[in-house]
Amino acid sequence: MAGSSEFLTVAERAVADLELRRKLENATGRHLNHVAETRAEFPRFDEERETARRIKEESIGRLDELLTALIDRLKANGCKVTVAADAAEAREYIVGLARRRGVRTVVKGKSMTTEEIELNPALTAAGIQPVETDLGEYIVQLRRESPSHIITPAIHLSREDIGRLFAENLGIAYTPEPERLTAAARERLRSIFLNAEMGVTGANFAIAETGTLVLVENEGNGRYSSTWPQTLVVLMGMEKVIPRLADLSHFLEILARTATGQKLTCYTNFIHGPRGADEIDGPEQVHVVILDNGRTRMLADPVLREALYCLRCGACLNVCPVYRRIGGHAYGVPYQGPIGSIVSPVLFGTRAAYLPFASTLCGACREICPVKIDIPRILLHQRWLESGGNHGASIRFPRSISRTRRALTRFARMARHPRRMRLLNRAMALLAWPLERDGYIRRMPGAFRHWTRTRDFRAPRSRR
Amino acid sequence: MLEVQLFNTCLAEQFFPAAIEATVKVLEALKLKVRPMRRAFCCGQAPFNEGLRAEALGLARNFLGAALPGMPIVVPSGSCAAMIRNFYRDLLADEPASLKQAAALQPWVFELGQFIVNVMKVKYLGARFDHTVAYHPSCHLARELRAADDTRVLLANVNGLKLVDFRNPEECCGFGGMFAVKFPALSTAMAQDKLERIRESAAELLVANDCGCLMQLGGLSHRNHLGLEVRHVAEVLAAR
């Protein structure tokens, strides 16, 4: 239960970090400008968005059947396929495989799903070194941090922060220049790539018709991780399956445009299976781990299932007024921002139970979502579930919060009697009269004392 | 004479009675007979947003009982109008009788500006207000009702009023109902950033259609002596 109130404390503290807020505002603002520009240049955007949405509706509607087809195709292509019921199963499979194959170093393409299952600590504990090869991920790994944004892992850092980090850790002279910092990381990573025995990546799409795993990225590290090491593991959430190869283009048209404001990512990797007898490169073995970890529970709930349409583009984080002020670490889970707040309570349980409440329901996330997920509606649904939903048992709210909720309950009961409310209102206005200064009250009692810590409170008024 | 029902909303009744009086004035100037919904006080949005559906249900039933069918309901709030138009569907999903009643009512529910521009087909009200004004399009008005521009047009046509632009006008003010009390620092940070952007625009006054936003932005402005006063849109539209 501690988890729920912890978020409250951490978020409230994060806001005070003005430096962080400035970095977030700059970075997310830049993102949003790029996105607006690329969209404006592409008149078909809304049409593609509708199509993509319809394909997701179909995919999730036929999930069972499509997964079966996908698994058959993957096996026919020579992949080894495992369905993992939860994070622990997925972790054990991957760590066990690495052990059996005598792996010492794993190179990782950027994958939030590996964060979800906490793969890196498990590999490290088994004496295997995981190395993040996406530049942002590499940076946060050097800092022993987790990614603070699902597609821009080091969004909370400035180029100066990264310059200092590299000077301390890579033995180079301090420089804040992105080109030189990138070159330094690239040089380091190159030798690691050459010696790694295993690659682990995620997948953005899995095509049931052909058994093709599609991985989009910008740095070529995903391609390197998936083609050079002898063993490749692709970890994918089970919602990533789409029916046909022809569906893919509709997603590629909108994904990069919404995520980074690019027309297309620099690399679009198509993974079919292990190296064929007549091929000169590619991994010897390809293992595909299909992860459930709470997704079937989402599927079973008619409101929550829409969250499974998510492409993990990260746009809802950039536009979220809450995320923009506290950053990703405050959320305490790998998936942050609006999408994180709706999926995390299902994936991570109590420690994320309070996240759906951390929103003003402003709806900016739904506006930008490339597949139009109605995030505010799902947040409301989660709040209802956390408040007891149909079965009456709610999460334990921090004391200040449960007091507020009780006050609200009392208000809701009284407000059913308008005449009484109006009389009460008149009495309140009279009582407040001596306390107010030009229409505002400086200190309020009860639940509203949290309001008047930073803001004056509008004095109650009654009508003549 | 065409008749409309006026739903005051709980925040306006308790904190902005002047907004209600101004709304009545604006509607009467359009030759409408205004019929206040005395038997309704709150639409139930606050408990609904908190996940307290049983409490919200009581208020929604109350509202439905107070409404006359087949007569427009004007609401001087984007978020309350959105609650009734968009969210009653979810709230009442398990109550077929109320759901039917709400569905019949929904096309008759309008936020004030939405009603004036789309139903009355009026864009100029003959108001006079000699001030430089920043308009905050509230979240539910903009993204649930998609009616933020109706009010913008009405304001732009007020004599003497200078409407100024500011950066990122559609970002939330941080009110969010109980959010403002549960996450006071976060909520205040959102309002602070918003007020800073508005101050860059040299506005003397901030207007919005939602009393929640006005309490939030006005309360912070007053605490920090920013000198930026807040007004409900209706007060500006009723000014002569």
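Residues numbered from 1 in each chain as written. Chains lettered and ligands numbered in written order. Predicted model: local features only at pLDDT ≥ 70, side-chain atom pairs only at ≥ 80, totals over all residues.

(A) Layout of helix α2 (residues 17-29) of chain B. All names here are of chain B. The end-to-end C-alpha distance of α2, which contains 13 residues, comes to 19 Å, matching closely the 18 Å that a straight helix rising 1.5 Å per residue would cover. All of the buried residues along α2 are A19, I20, A22, T23, V26 and L27. The buried residues of α2 occupy an angular sector of 165 degrees when projected down its axis, which confines them to one face. Immediately beyond the C-terminal end of α2, within one or two residues, lies K31, with a positive phi of roughly 65 degrees. (Helix = DSSP H or I, 4+ residues; strand = E, 2+ residues; numbered from the N terminus. Expected span 1.5 Å × (residues − 1). Buried ≥ 20, exposed ≤ 12 C-beta atoms within 10 Å, placed from the backbone. Arc of directions from axis to C-beta.)

(B) Layout of the interface of chain A and chain B. Facing 47 residues of chain A, the contacting portion of chain B comprises 50 residues. Of all the elements, helix α19 (residues 399-414) of chain A adds the most residues to the side of chain A that touches chain B, at six residues. (Contact = placed C-beta atoms within 7 Å.)

(C) The arrangement of unusual backbone geometry in detail. Residues and elements named next belong to chain A. We note that N293 has phi near 50 degrees; this positive angle belongs to a residue other than glycine. With respect to the helices and strands, the residue N293 is situated in the loop between β10 (285-291) and α13 (295-300). Looking at N293, the number of C-beta atoms within 10 Å reads 21, which means it is buried.

(D) View of the domain arrangement of chain A. Taken as a whole, chain A is organised into domain 1 (1-41 + 307-397), domain 2 (47-293) and domain 3 (415-458). Put simply, the middle of domain 2 of chain A and the middle of domain 3 of chain A, counted by C-alpha atoms, are 54 Å apart. (Domains from an automatic or database assignment.)

(E) Main features of the sheet that holds strand β1 (residues 80-84) of chain A. Residues and elements named next belong to chain A. Strand order in the open sheet formed by six strands is β1-β10-β7-β4-β2-β3, and the pairing between neighbours is parallel. Edge strands, defined here as strands with exactly one partner in the open sheet, are β1 and β3 (129-132). Between one strand axis and the next, the sheet turns by 20 degrees as a mean value, whatever way the strands run. In this structure, strand β2 (residues 105-108) lies alongside strand β4 (residues 198-201), joined through three bridges in parallel fashion. Each bridged residue has a counterpart across the sheet, and for V106 the counterpart in β4 is M198. Lying over the sheet, helix α5 (residues 87-100) contacts β1, β2, β4, β7 (231-237) and β10, oriented at roughly 165 degrees with respect to β10. (Pairing = 2+ DSSP bridges. Axes fitted to C-alpha atoms, helices over the stretch in contact; angles between N-to-C directions.)

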